[in-house]
Amino acid sequence: MIDLHTHSTASDGTETPTALMELAAATGLSAIGLTDHDTLSGLEEARQATARMTEAGQTGPELIAGVELSVTHAEHSFHLLGLYIPQEAGALQTALSRLIESRNARNEVIIRKLKALNLDICMEDVLAKAGGEAVGRPHIAQVLHEKRIVTSFQEAFDRYLGSRGKAYVPKEVLTAAEALALLQDCGATPVLAHPFFIKLGATGLAELVTALRSLGLDGIEAYYTEHTPSQTQQYLALAKRLDLAVTGGSDFHGTVKPEITLGRGKGSLLVADALLNQLKERRVRKGLPV
Ligand code: AMP
Ligand code: ZN
Ligand code: FE
Ligand code: FE
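Parameters and conventions
- Residues numbered from 1 in each chain as written.
- Chains lettered and ligands numbered in written order.
- Predicted model: local features only at pLDDT ≥ 70, side-chain atom pairs only at ≥ 80, totals over all residues.
- Heavy atoms only, no water.
- Helix = DSSP H or I, 4+ residues; strand = E, 2+ residues; numbered from the N terminus.
- Buried < 20%, exposed > 50% of the residue type's maximum accessible area, 1.4 Å probe, protein only.
- Contact = heavy atoms within 4.5 Å.
- Near = heavy atom within 4 Å.
- Polar contact = N/O pair within 3.5 Å; in protein donor to acceptor, adjacent residues only side chain to side chain.
- Areas by Shrake-Rupley, 256 points an atom, 1.4 Å probe, with all protein chains shown as cover.
- 1 Å grid on protein atoms, 1.4 Å probe; cavity = no way out; pocket = protein on both sides within 12 Å on 5 of 7 lines; lining within 4 Å.
- Sits in = over half its atoms within 2 Å of the grid points.
- Phe/Tyr/Trp six-rings, centres within 6.5 Å; stacked < 30°, edge-to-face > 60°.
- Donors = N, O, S within 2.8 Å, 3.2 Å for Na, K, Ca; no water.
- Tetrahedral: all angles 85-135°; square planar, octahedral: opposite > 155°, others 65-115°.

**Looking at the environment of Ser77**
Relative to the helices and strands, Ser77 is located in strand 4 (residues 76–83). Residue classification places Ser77 among the exposed positions, given a relative accessible area of 55%. A C-alpha to C-alpha distance of 24 Å links Ser77 and Asp3, two positions 74 residues apart in sequence. Ignoring sequence-local partners within four residues, the contact set of Ser77 consists of Val71 and Thr72.

What follows is the structure in structure tokens.
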């Protein structure tokens, strides 16, 4: 069993990269993709954790270095995963650093808006909650919840942080074309994350994926916690028809999303090792490192 979509404290997960690798080992995963939002800053710690396990003679999971990017394409907003991010990510790292700066500026504006609504919250609270580089709305939501300004994480989004909330501030994102070029240029495999999020029918999705493929998309996350069996079948068929790699993951975030278990999602997810082997064969055929 593998899991190619997870988050750590480098973005909005609650487990440190080290704890995540240990959990992956304890879960019996043979490989884990660490795909934090907009940052590669958790990858080095995860690499070191795997190296320590190997030195200790433990058979730890193989680490697939990744990232998750929010992008737009025409009127659509969705997420891309980049798998097999190299240690020197060059232009991708430069673009991510700029996105983090933009995130920080946006967080300041959100906090200012919340303060203007007379809510007792400041940036220090949020940074203390975050602990990593990619700080965002989930951290602000946690602070609002812990301070009992709202009664749940979800209420924080519904009332304040979501697109219809009183303190909503849009996030600067890359276009799909930019993100796909950055991922391709550093030798990563770009994958369309959780396609069900894009509220498109089968024909519309096929058209979108076809367009993304011409921009460098090379895979589709058919196996995902929230996908129904028929959605998974639809995405598998699409991948086959368009000759795309198939990946899968839980989108584990730790205790902020307690219903999602590493590897198993909500219980019925199972991403087979064979998918990673196929992805590796595909990369080898393209002359990319595995
Ligand atoms: P950010 O990158 O700071 O915009 O935060 C994005 C994250 O916030 C997403 O990955 C979700 O986990 C969470 N999120 C965004 N919108 C909502 C919403 N309406 N309800 C609950 N969580 C949300
Ligand atoms: Zn997240
Ligand atoms: Fe996502
Ligand atoms: Fe995710």
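**Structural notes on the site of ligand 1**
Contacts to ligand 1 come from His37, Arg103, Arg106, Gly136, Arg137, Pro138, Gln154, Phe157, Lys171 and Lys257. Between Arg106 and ligand 1, the recorded distance is 3.1 Å, taken from a side-chain N or O atom to an oxygen atom. Here an oxygen atom of ligand 1 and a side-chain polar atom of Lys257 are 3.3 Å apart. Burial of ligand 1 by the surrounding chains reaches 75%, relative to a free accessible area of 500 Å². When atoms are counted within 2 Å of each cavity's grid points, the one that captures over half of ligand 1 is the largest pocket. Residue assignment for the shell around ligand 1 shows that the elements contributing at least two residues are helix 3 (90–116), helix 5 (137–146) and helix 6 (153–161).

**Side note on the packing of aromatic side chains**
According to the stated counting rule, one finds 4 aromatic pairs in the structure shown. Between Phe153 and Phe157 the ring centres are 5.4 Å apart and the planes differ by 50 degrees, which places this aromatic pair in the tilted class. Of this pair, Phe153 and Phe157 both sit in helix 6, separated by 4 residues, roughly a single helical turn. Overall, Phe157 belongs to the buried group, its relative accessible area being 17%. With centroids separated by 6.1 Å and ring planes inclined at 35 degrees, the aromatic side chains of Phe196 and Tyr224 adopt a geometry described as tilted. In this pair, Phe196 sits in the loop between strand 6 (189–192) and helix 8 (202–214) while Tyr224 sits in strand 7 (residues 219–224), placing the two residues 28 residues apart along the sequence. On the accessibility criterion, Phe196 (15% relative accessible area) is buried. By relative accessible area, Tyr224 is classed as buried at 5%. Three or more aromatic residues link up through ring pairs in this structure, and these residues are Phe196, Phe197 and Tyr224.

**Here's the deal with the coordination of the zinc ion (ligand 2)**
For the zinc ion (ligand 2), every protein donor is listed as Asp12 (OD), Asp12 (OD), His37 (NE2) and His253 (NE2), and the spread of their distances is 1.9 to 2.6 Å. Of note is the zinc ion (ligand 2), whose 4 donor atoms meet at the metal with angles of 54 to 130 degrees in an arrangement that counts as irregular. Positions of the donor residues of the zinc ion (ligand 2) along the chain correspond to the pattern D-x24-H-x215-H. A spacing of 4.7 Å is found between the zinc ion (ligand 2) and the iron ion (ligand 4). With a gap of 241 residues between them, Asp12 in the loop between strand 1 (2–6) and helix 1 (17–27) and His253 in the loop between strand 8 (245–249) and helix 10 (273–285) connect regions that are remote in the sequence. Here Asp12 falls in the buried class, since its relative accessible area comes to 10%. Residue classification places His253 among the buried residues on the basis of a relative accessible area of 1%.

**Here we look at the side chain of Ser8**
Among the secondary structure elements, Ser8 is positioned in the loop between strand 1 and helix 1. Judged by relative accessible area, which is 0%, Ser8 ranks as buried. Apart from residues lying up to four places away in sequence, Ser8 is in contact with Gly13, Glu15, Thr16, Pro17, Leu20, Leu34 and Asp36.

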